[in-house]
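# Results of the structural survey
Here is how the chains run, residue by residue.
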Amino acid sequence: MARAVLNQADITRALTRISHEILESNRGSSDLVLLGIPTRGVALARRIAETLARIEPDAPPALAGSLDVTMYRDDLGRTRTRTPAPTEVPPGGIDGKTVVLVDDVLYSGRTIRAAFDALADLGRARAVRLAVLVDRGHREFPIRADFVGKNLPSSTRERINVRLAEIDGDDSVTIGGGEG
Amino acid sequence: MRHLLSTRELDREAAIALLDVAEDMAAVQEREVKKLPTLRGKTVVNLFFEDSTRTRISFEAAAKRLSADVINFSAKGSSVSKGESLKDTAQTLQAMGADGVVIRHHASGAPHTLATSGWIDAGVVNAGDGTHEHPTQALLDAFTIRSRLHGAASRGRGLDGVRVLIVGDILHSRVARSNVWLLTTLGAEVELVAPPTLVPVDMTAWPARVGYDLDDALAARPDVVMMLRIQAERMHAAFFPNSREYARTWGLDDARFDRLPPTTMVMHPGPMNRGLEIAARAADSPQSTVREQVANGVSVRMAALYLLLSGERGEA
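Keep in mind that what you see is a predicted model, and the values were worked out from it rather than measured.

What follows is about the overall build of chain A. A count of helices and strands for chain A gives four helices and eight strands. A principal-axis box enclosing the C-alpha atoms of chain A has dimensions of 45 × 40 × 30 Å. For chain A, the proportion of its 180 residues judged to be buried stands at 38%. Here the contacts in chain A between residues at least 6 apart in sequence split such that 69% fall between residues at least 24 apart.

Written as C-alpha cells, this is what we have:
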C-alpha cells in the first residue's frame with residue numbers, strides 16, 4: 001500500500017522554505033533563473049517563482065522556465081523512445097545568471113547530469129544550483145541537491161509518486177511498495 | 001516508430017506526435033548551439049539513387065544536428081552505376097553498421113523492399129520513391145501550415161477544417177500523394193486541380209476532390225494553395241501542348257495571385273519553375289511559405305530520425 005509522505009500543506013511549506021533559502025544563498029532575486037525539468041519540475045519552478053515574487057515584490061518577473069533534458073539522456077538507446085518537452089528560457093537567457101534547476105525527485109542523478117549538458121548548450125551560467133522536492137538517495141553520480149524539500153530514505157524497490165495540482169489535480173507525495 | 005515509408009500508414013496520433021517533436025527541434029534551430037548529442041555514435045546513410053540536392057542536404061543537416069555520423073551515397077559514380085543490385089548495396093550498408101538509411105529511389109516501393117526484405121536492420125526513411133510517396137515533404141508542409149495558423153500554440157493540434165488546394169502534376173507527384181493522405185488524416189480538406197492528362201486514371205480511393213479549372217478552385221478562397229513543380233524529367237509524353245499554355249491555364253500567375261485573399265498561404269515544395277507553375281511575385285510574397293518550408297524540413301527530418309533511431313532496437 002502507498003503511504004503518504006507529504007500532503008498539500010507540507011509541499012507548500014517545503015517550497016516556501018526552499019524559496020527563502022534560494023533568496024538567502026543568492027542574496028536576493030537578481031540574476032536568478034529557475035529552470036524546471038519537465039514534467040513536474042516545471043510546475044514546481046513556477047510555484048517557487050510565485051513565492052519569490054511574494055517575498056520580494058521587486059523581484060524581476062518571469063524568473064521561471066523549463067529545461068528539457070530528453071535529448072541529452074544517457075539511456076536513449078535502452079528504453080522506449082521518449083517524447084521531448086519544450087525548453088523555455090526566460091528572456092535574458094542564462095549567461096552570467098545563477099540557474100536553479102528544479103525537479104520533483106532526485107534519485108540516480110542521471111537526469112541532472114543530462115541537465116548539465118543541456119544547460120551548457122544554452123549558454124554559460126555563473127553558477128548552477130539544484131532544488132528538489134524529494135531526495136530519495138541511491139545516487140549514481142557525484143551530485144547533491146542544494147535545496148531539498150524532504151529527505152526520504154527509500155528502497156530501490158519502492159516507488160515515489162509525486163502528484164501536483166497543475167498536472168495531476170491534487171498535491172501529494174506518497175511512497176509505495178515494490179509491487180509498484 | 002521503426003520505419004517512415006509513407007504517410008498513408010501514419011495515424012493522426014503518430015503524425016501529431018511527430019510534428020510536436022519537430023516543434024522542439026525547431027526551437028533548437030533558434031539557439032546559438034544548434035546541435036544535440038542525441039544520436040551520437042549512430043550512422044545515417046543517405047542512399048540517393050536519384051538526383052536531389054535539397055532533400056539530401058536537409059537530411060544531412062538534420063542528422064548532423066543530432067550528432068549522427070552521415071555517409072552520403074549517390075548512385076552516380078558508385079558501384080550502382082556498375083550494376084550492383086539494391087540487395088547488394090543494402091548488405092554493404094549493413095556490414096558498415098548503418099543505423100538508419102534515408103533512401104531516394106526512382107522505383108516506387110524501393111524503400112518498402114529495403115525495409116521489409118530482411119537485408120538490413122536499419123530504420124528506413126523514404127525520401128521519395130518514384131511516383132509513390134515523399135512522407136517527410138508532406139510532414140514539413142503540414143508543420144508549416146500548422147505553425148502559420150497557430151504559431152506557438154501549435155502543439156497537439158491537427159489541421160481540422162483547413163482547406164488545401166494542390167495544383168499541378170498529380171499523376172507523377174509523390175509530394176501530392178503524401179500530402180493527400182497526411183493532410184486528410186490531420187483533418188484538412190484537400191482539393192486537387194490538374195490538367196486531365198496529369199491525373200491518375202482511378203482516383204476513387206483518394207480522399208480528395210478533383211477539379212480541372214484553377215480559377216473555379218481559387219474562387220472558393222482556399223486557406224492553402226500548394227503549387228507542384230512541373231517535372232521536366234518526367235514529361236515523357238505530350239501531357240500539355242507547351243509550357244506557356246500550362247502557365248496560362250494552371251499556373252499561379254500575377255492575376256490569379258492578386259485575386260487570392262491575403263490570408264491564403266502559397267506553398268511550393270521546390271525547386272520552383274518561376275513563370276511556369278508559379279509567378280515570381282507570388283513566390284516572393286509574404287504569403288509564400290517557400291523559405292519556411294526549407295527551414296521546417298530540417299526540424300521535421302530531425303524529429304523523424306529521432307523517433308526512428310532512439311529507443312530500443314526491435315521495438316514495434
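Glancing now at the overall build of chain B. Looking only at helices and strands, chain B has 11 helices and nine strands in total. Here the C-alpha radius of gyration of chain B, 19 Å, is about what a compact globule of 316 residues would show, namely 20 Å. Seen through its principal axes, chain B has C-alpha atoms that stretch 55 × 45 × 35 Å. Buried positions account for 48% of the 316 residues belonging to chain B.

The next subject is the interface of chain A and chain B. Opposite the 16 residues of chain A that make contact, chain B presents 14 residues. Per-class residue counts for the side of chain A that touches chain B are six nonpolar, five polar and five charged.

Residue and element names in this part refer to chain B. Within this numbering scheme, the UniProt entry marks Arg54, Thr55, Arg104, His134, Gln137, Gly270 and Pro271 as carrying the feature "binding site: carbamoyl phosphate" (unreviewed entry). Within the secondary structure layout, Arg104 lies in strand S3 (residues 100–105). When near neighbours in sequence (up to four residues on either side) are disregarded, Arg104 contacts Phe48, Phe49, Glu50, Ser52, Thr55, Ala127 and Gly128. Within the secondary structure, His134 is located in the loop between strand S4 (123–129) and helix H5 (135–150). Discounting chain neighbours no more than four positions away, the residues touching His134 are Gly128, Arg174, Val175 and Ser178.

Another aspect to go through is the UniProt feature "short sequence motif: PRPP-binding" (unreviewed entry) in chain A. UniProt marks residues 99–111 of chain A with the feature "short sequence motif: PRPP-binding" (unreviewed entry), using the numbering shown here. In residues 99–111 of chain A, the share of helix is 15% and the share of strand is 62%. The end C-alpha atoms are 16 Å apart.

Okay, the sheet that holds strand S2 (residues 69–74) of chain B next. All names here are of chain B. Spatially, S2-S1-S3-S4 is the arrangement adopted by the four strands of the open sheet, whose pairing is parallel. Edge positions in the sheet fall to S2 and S4, since each of these pairs with one other strand and no more. Direction aside, neighbouring strands of the sheet carry axes that sit 15° apart on average. In terms of strand pairing, strand S1 (residues 43–48) meets S3 through five bridges, oriented parallel. Bridge assignment links Phe48 to a residue of S3, and that residue is Arg104. Helix H11 (residues 290–309) rests against S1, S3 and S4 of the sheet, and its axis sits at about 145° to S4.

In this section: unusual backbone geometry. That bond from Pro38 of chain A to Thr39 of chain A is cis: its omega, 5°, falls within 30 degrees of zero. Along the chain, Thr39 of chain A turns up in the loop between strand S2 (32–36) and helix H2 (40–55). Cis geometry marks the peptide bond from Gly270 of chain B to Pro271 of chain B; its omega dihedral reads -10°. The topology assignment puts Pro271 of chain B in the loop between strand S9 (265–267) and helix H10 (280–283). Residue Ala62 of chain A is not a glycine yet carries a positive backbone phi of 55°. Its location among the elements puts Ala62 of chain A in the loop between H2 and strand S3 (64–66). Note on Ala62 of chain A: 11 C-beta atoms within 10 Å, which makes it exposed. Positive phi, normally seen in glycine, also occurs at Ser67 of chain B, with a value near 70°. Note that Ser67 of chain B resides in the loop between helix H2 (54–65) and S2. Exposure remark for Ser67 of chain B: the 15 C-beta atoms within 10 Å place this residue in the partly exposed category.

Attention now goes to H5 of chain B. All names here are of chain B. Given a rise of 1.5 Å per residue, 16 residues ought to cover 22 Å, and the 22 Å separating the end C-alpha atoms of H5 matches this to within 8%. Within H5, 13 of the 16 residues are buried, which leaves the element mostly enclosed by the surrounding structure. Looking one or two residues beyond H5, the residue adopting positive phi is Gly151, at roughly 55°.

Attention shifts here to the domain arrangement of chain B. Residues and elements named next belong to chain B. You can read the domains of chain B as domain 1 (12–133 + 295–309) and domain 2 (135–292). Taking only C-alpha atoms, the centre of domain 1 and the centre of domain 2 are 25 Å apart. Going through the elements one at a time, helix H1 (12–29), S4 and H11 are the ones with two or more residues in the side of domain 1 that touches domain 2. Ranked by residues supplied to the side of domain 1 that touches domain 2, first place goes to H1 with eight residues.

Mapped onto this numbering, the UniProt entry annotates "domain: Phosphoribosyltransferase" (unreviewed entry) at residues 5–148 of chain A. Measuring from the first to the last C-alpha atom of residues 5–148 of chain A gives 14 Å, for a span that is 33% helix and 21% strand.

Now for the environment of Leu47 of chain B. Residue and element names in this part refer to chain B. Structurally, Leu47 can be placed in strand S1. For Leu47, a count of 29 C-beta atoms within 10 Å puts it in the buried group. Spatially, the C-alpha atoms of Leu47 and Val298 are 17 Å apart, while their sequence positions differ by 251 residues. Beyond its immediate stretch of four places on either side in the chain, Leu47 contacts Phe73, Val101, Val102 and Ile103.

By size, the foremost hydrophobic cluster in this structure holds 141 residues, and its most contacted members are Leu34 of chain A together with Val101 and Leu305 of chain B. Sorting elements by how many residues they give to this core places H11 of chain B first, with 11 residues. Two domains each donate at least three residues to this core, and these are domain 1 (12–133 + 295–309) and domain 2 (135–292) of chain B. For Leu305 of chain B, the contacting residues outside a window of four places in its chain are Leu39, Val44, Ala62, Ala63, Leu66, Ala68 and Gly100 of chain B.

Cut-offs used in this document
- Residues numbered from 1 in each chain as written.
- Chains lettered and ligands numbered in written order.
- Predicted model: local features only at pLDDT ≥ 70, side-chain atom pairs only at ≥ 80, totals over all residues.
- Helix = DSSP H or I, 4+ residues; strand = E, 2+ residues; numbered from the N terminus.
- Buried ≥ 20, exposed ≤ 12 C-beta atoms within 10 Å, placed from the backbone.
- Contact = placed C-beta atoms within 7 Å.
- Rg over C-alpha atoms; globule rule 2.2 N^0.38 Å.
- Nonpolar A, V, L, I, M, F, W, Y, C, P; charged D, E, K, R; others polar.
- UniProt positions renumbered as here; feature names shortened; annotations may be inferred.
- Pairing = 2+ DSSP bridges.
- Axes fitted to C-alpha atoms, helices over the stretch in contact; angles between N-to-C directions.
- Expected span 1.5 Å × (residues − 1).
- Domains from an automatic or database assignment.
- Core = buried A, V, L, I, M, F, W, Y, C linked by C-beta atoms within 7 Å.

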